[in-house]
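Structural overview
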Amino acid sequence: MIRVSRRNLAIMLLGALLLTLGRLAEYTAWASRPLPKQGGVKIVGVDVVGCDFLPEEVVRSNVMAAGLRPGATIKNGVLITPDGKRIPLQEAVRRARIYAMRSVIPGTKIKPVKSVQITIKRSGVVVVRVTEDYGLPR
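Here the structure is a predicted model, which is why all the values come from computation and not from measurement. (Residues numbered from 1 in each chain as written. Predicted model: local features only at pLDDT ≥ 70, side-chain atom pairs only at ≥ 80, totals over all residues. Heavy atoms only, no water.)

Ranked by internal contacts, the top residues of the largest apolar core, which has 26 residues, are Val 59, Val 63, Leu 68, Ile 118 and Val 128. Elements represented by at least two residues in this core include exactly strand 2 (45-49), helix 2 (56-65), helix 3 (89-101), strand 6 (113-120) and strand 7 (125-132). Ranked by the residues each element gives to this core, the list is headed by helix 3, at five residues. Contact partners of Val 128, with chain neighbours within four places excluded, come to Val 46, Asp 47, Val 48, Val 49, Val 59, Val 63, Val 116, Gln 117 and Ile 118. (Core = buried A, V, L, I, M, F, W, Y, C linked by side-chain atoms within 4.5 Å. Buried < 20%, exposed > 50% of the residue type's maximum accessible area, 1.4 Å probe, protein only. Helix = DSSP H or I, 4+ residues; strand = E, 2+ residues; numbered from the N terminus. Contact = heavy atoms within 4.5 Å.)

Examined against the element boundaries, Thr 81 turns out to sit in the loop between strand 4 (78-80) and strand 5 (86-88). The residues touching Thr 81, leaving out its near neighbours within four places in the chain, are Gly 67, Arg 69, Ala 72 and Ile 87.

The subject of this paragraph is the pairing of strand 6. Pairing of strand 6 with strand 7 involves seven bridges; the strand directions are antiparallel. Looking across to strand 7, one finds that Ile 118 is bridged to Val 128. The turn linking strand 6 back onto strand 7 is made up of four residues, and Gly 124 within it adopts a positive phi angle of 100°. (Pairing = 2+ DSSP bridges.)

What follows is the structure, encoded as structure tokens:
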């Protein structure tokens, strides 16, 4: 027969009570959290994929110059910049594509970008897929 002293039993019961109260507080906090605003998709970042020669920062800054930058919101097909400007989303994506195509390797006039695809995910990440031309510089 296993014998447990009263002191150890009290410590174990107190621990179980504290764990139960902690879980209860956690679930209560989760249930009372504020609901997210239905204000559209907020852009959280720009991810550049496929750059070998061209630094990603160059393409990222050019895409962000078109308005697709963190802090902007997409609501009902309209891009609302942090400054409050309202641009149709298709126009903003078209401008971002043009700006990304004009990216040059720093210190040169070489434009290695052949094509650009821009996708905006529901999570708010703007994915820019760049295809570079390995042929002669334009």
